[in-house]
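Geometric and topological summary
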Number of protein chains: 2
Amino acid sequence: MPSSTVENYLKHILLLSESAQDLVSMGELASALAVVPGTATTMIKALAREGYVAHQPRQGVSLTSAGRTVALSVLRKHRLVETFLVNVLKMDWASVHAEAEKLEHAISDEVLDRLDALLGYPATDPHGDPIPSRKGKLNFQVYASLATCALKQPLRIVRITEQTTEFLQFADQNHLLPGSTLSVTSRNLPAGLATIKTTGTRTQAMSITAAGKILVEPLRR
Amino acid sequence: MPSSTVENYLKHILLLSESAQDLVSMGELASALAVVPGTATTMIKALAREGYVAHQPRQGVSLTSAGRTVALSVLRKHRLVETFLVNVLKMDWASVHAEAEKLEHAISDEVLDRLDALLGYPATDPHGDPIPSRKGKLNFQVYASLATCALKQPLRIVRITEQTTEFLQFADQNHLLPGSTLSVTSRNLPAGLATIKTTGTRTQAMSITAAGKILVEPLRR
DNA sequence: TAAATTATTTTGACTAATCAAAATAGCGTG
DNA sequence: CACGCTATTTTGATTAGTCAAAATAATTTA
């Protein structure tokens, strides 16, 4: 049984390799896990010995299929727990991440399956993040973001890719939740600003960086 | 924040000092925690330094009020989680103990309060064990057991004081659940046997030791 | 291409929790 | 009151995970 430390390393490698095309560097891994780089190196060498990762010294690290299995299972637990906390216990959207961070290592597959059924087998968590299936299939869909989509087009928010409480509170307060509809009225790249209009005809500005964390799909029908 | 190891030590001291009148010996503590006695001694000395327990060398250990607070909080988590697993997720009565053993260290007070509300503020868990209140009050009531109660008197089971899967399965299969009614028809102390009659007029024998783990109250009305 | 900057790895040390086995203290019994 | 049994405590080692700081490699800059 991998320890919860090991589970965390593997989960973060999975998460980081979604954005990073290929190998995850020690630097980004270490900072995602809030440890010093030397610690990450040491740990990764141990994980490589145990067959969870492949380590290209001085290049980076990637998951083996064994490591990927563990990582997906942890991610599934995390996202189903978040969904439970929000949908059943009515907890605050912005604060459930930290809770799930602890529970994901303590919950058994048996409990998880029943939770899944109780929730009606959801495909995504409350932030729009896809929930891996029991078999370990992750529905990885590529969406545009508010930073990259076409201007003036009607859009629906599908996902918020950032789990910090502050960002989620910002999104919540500005009605930028999965399901909300809006459009991007303009962008000013040099200034790093995007202007959006929500359905309530409210217009507001946000940074391009923030806009890039809000994924959308074109609204049709 | 106490580690989950520390939480476990404190919880078990609380549990053992219910039966043991006063001080808990290193021997019983060590075997409850499945560690060697030397480990328990070392750990208890550390806990004493941190103010969680009072250690009488070579006599035993007892909780300080700080230690008792932690222990009661863990016990509350354990028993509410068990109740949730059985009442909401419909898990098997006999197997939830092990699950709760892990979750009790991962769940926050915030989540726990909501779980408590969802369950309707239960006073006991599915085994009849009293759930400490949020304020740390433990409704410690003294009950007779099938080993000590009067013969031929109509009784209602209120609690099963033994958490092993095997014992709980035995109780389940013989309809010995909290709420069931029955009476003790006879006891044979030298043989170590008790004979009981459940309402379905079924008569069966069990050891006095097992009978002592089933707590009852006289059925009146 | 040599020097400088940056990222990674190594080394040595530390903490929490554990065990095996030896040392010690308290018994009770003869 | 000494002897022996049992429980407890000590001692020395081990494992997982971590950090600080030195050493090394790679890449960028001049």
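Anything mentioned here points back to the structure above.
Here the structure is a predicted model, which is why all the values come from computation and not from measurement.

**Brief notes about the relation of the copies chain A and chain B**
- The two copies are related by a screw operation: chain A maps onto chain B through 180 degrees of rotation and 0.0 Å of translation along the axis, at an RMSD of 0.0 Å. This pairing of chains is accounted for by a two-fold axis.
- Taken together, the interface assignments show that 100% of the residues at the interface of chain A recur at the interface of chain B, consistent with an identical surface on both copies.

**Considerations on the side chain of His78(B)**
- Position of His78(B) among the secondary structure elements: in helix α4 (residues 65-87).
- Among all residues touching His78(B), those that are not within four sequence positions of it are Lys11(B), His97(B), Ala100(B), Glu101(B) and Glu104(B).

**What about the pairing of strand β7 (residues 203-207) of chain B?**
All names here are of chain B.
- Across the two faces of β7 the burial differs, with Gln 204 and Met 206 buried and Thr 203, Ala 205 and Ser 207 not buried at all.
- As judged from the 5 bridges shared by strand β6 (residues 193-198) and β7, these two strands associate in the antiparallel manner. Within β7, the position partnered with Thr 195 by the bridge is Ala 205.
- Where β6 hands over to β7, the hairpin turn is made up of 4 residues, of which Thr 201 adopts a positive phi near 60 degrees.

**Notes on the protein's contact with DNA strand C**
- Close to DNA strand C lie 19 residues; Lys45(A), Arg58(A), Ser3(B), Thr39(B) and Arg58(B) are nearest.
- If you look at DNA strand C and keep only atoms within 4 Å of the protein, 79% of those are sugar or phosphate atoms.
- One of the side-chain N or O atoms of Thr41(A) is found 3.1 Å from a phosphate oxygen in DNA strand C.
- Note that a phosphate oxygen of DNA strand C is positioned 2.6 Å from one of the backbone N or O atoms of Arg58(A).
- Contributions of two or more residues to the surface near DNA strand C are made by α2 (26-33) and α3 (37-49) of chain A together with α1 (4-19) and α3 (37-49) of chain B.
- Sorting elements by how many residues they give to the surface near DNA strand C places α3(A) first, with 4 residues.

**A few points about the protein's contact with DNA strand D**
- Contacts to DNA strand D come from 19 residues, most closely from Ser3(A), Arg58(A), Gly27(B), Lys45(B) and Arg58(B).
- Counting only the atoms of DNA strand D within 4 Å of the protein, the fraction contributed by sugar and phosphate is 79%.
- Here a base oxygen of DNA strand D sits 2.8 Å away from a polar atom, N or O, in the side chain of Arg58(A).
- Within the backbone of Met26(B), one N or O atom sits 3.5 Å away from a phosphate oxygen of DNA strand D.
- Among the secondary structure elements, those contributing two or more residues to the surface near DNA strand D are α1 (4-19) and α3 of chain A together with α2 (26-33) and α3 of chain B.
- Ranked by residues supplied to the surface near DNA strand D, first place goes to α3(B) with 4 residues.
- Here the residues of the surface near DNA strand D sort into 8 nonpolar, 8 polar and 3 charged.

**Describing the packing of aromatic side chains**
All names here are of chain A.
- Within this structure, the stated rule accounts for 3 aromatic pairs over all chains.
- With a centroid separation of 5.6 Å and 50 degrees between ring planes, the pair formed by Phe 167 and Phe 170 is classed as tilted. One end of the pair is Phe 167 and the other is Phe 170, both in helix α7 (residues 165-173) and 3 residues apart, which spans about a single turn.
- Residue Phe 170 is classed as partly exposed on the basis of its relative accessible area, which comes to 27%.
- The ring of Phe 167 has Lys 213 lying over it, and the distance from NZ or CZ to the ring centre is 5.4 Å.

**A short note on the sheet that holds strand β3 (residues 144-145) of chain A**
- Strand order in the open sheet formed by 6 strands is β3-β8-β4-β5-β6-β7 (chain A), with antiparallel pairing between adjacent strands. In the strand order of this sheet, the two ends are held by β3 and β7 (203-207) of chain A, each with one partner.

**Examining the pattern of salt bridges**
All names here are of chain A.
- Following the criterion strictly, the structure yields 20 salt bridges over all chains and no others.
- Here Arg 156 ties to Glu 217 by a salt bridge, and the two come within 3.5 Å at their closest N and O atoms. Residue Arg 156 is found in strand β4 (residues 155-160), and its partner Glu 217 is found in strand β8 (residues 214-218); the two are separated by 61 residues along the sequence.
- Note on Arg 156: relative accessible area 30%, which makes it partly exposed.
- By relative accessible area, which is 28% here, Glu 217 ends up partly exposed.
- Within the structure, one salt-bridge network assembled from shared partners comprises Arg 76, Asp 113, Asp 116 and Arg 134.

Reading the values: the criteria
- Residues numbered from 1 in each chain as written.
- Chains lettered and ligands numbered in written order.
- Predicted model: local features only at pLDDT ≥ 70, side-chain atom pairs only at ≥ 80, totals over all residues.
- Heavy atoms only, no water.
- Least-squares fit on C-alpha atoms with pLDDT ≥ 70 in both.
- Contact = heavy atoms within 4.5 Å.
- Helix = DSSP H or I, 4+ residues; strand = E, 2+ residues; numbered from the N terminus.
- Buried < 20%, exposed > 50% of the residue type's maximum accessible area, 1.4 Å probe, protein only.
- Pairing = 2+ DSSP bridges.
- Near = heavy atom within 4 Å.
- Polar contact = N/O pair within 3.5 Å; in protein donor to acceptor, adjacent residues only side chain to side chain.
- Nonpolar A, V, L, I, M, F, W, Y, C, P; charged D, E, K, R; others polar.
- Phe/Tyr/Trp six-rings, centres within 6.5 Å; stacked < 30°, edge-to-face > 60°.
- Lys NZ or Arg CZ within 6 Å of the ring centre and 35° of its normal.
- Salt bridge = Lys/Arg side-chain N within 4 Å of Asp/Glu carboxyl O.

Interpretation in functional terms is not warranted from these geometric data alone.
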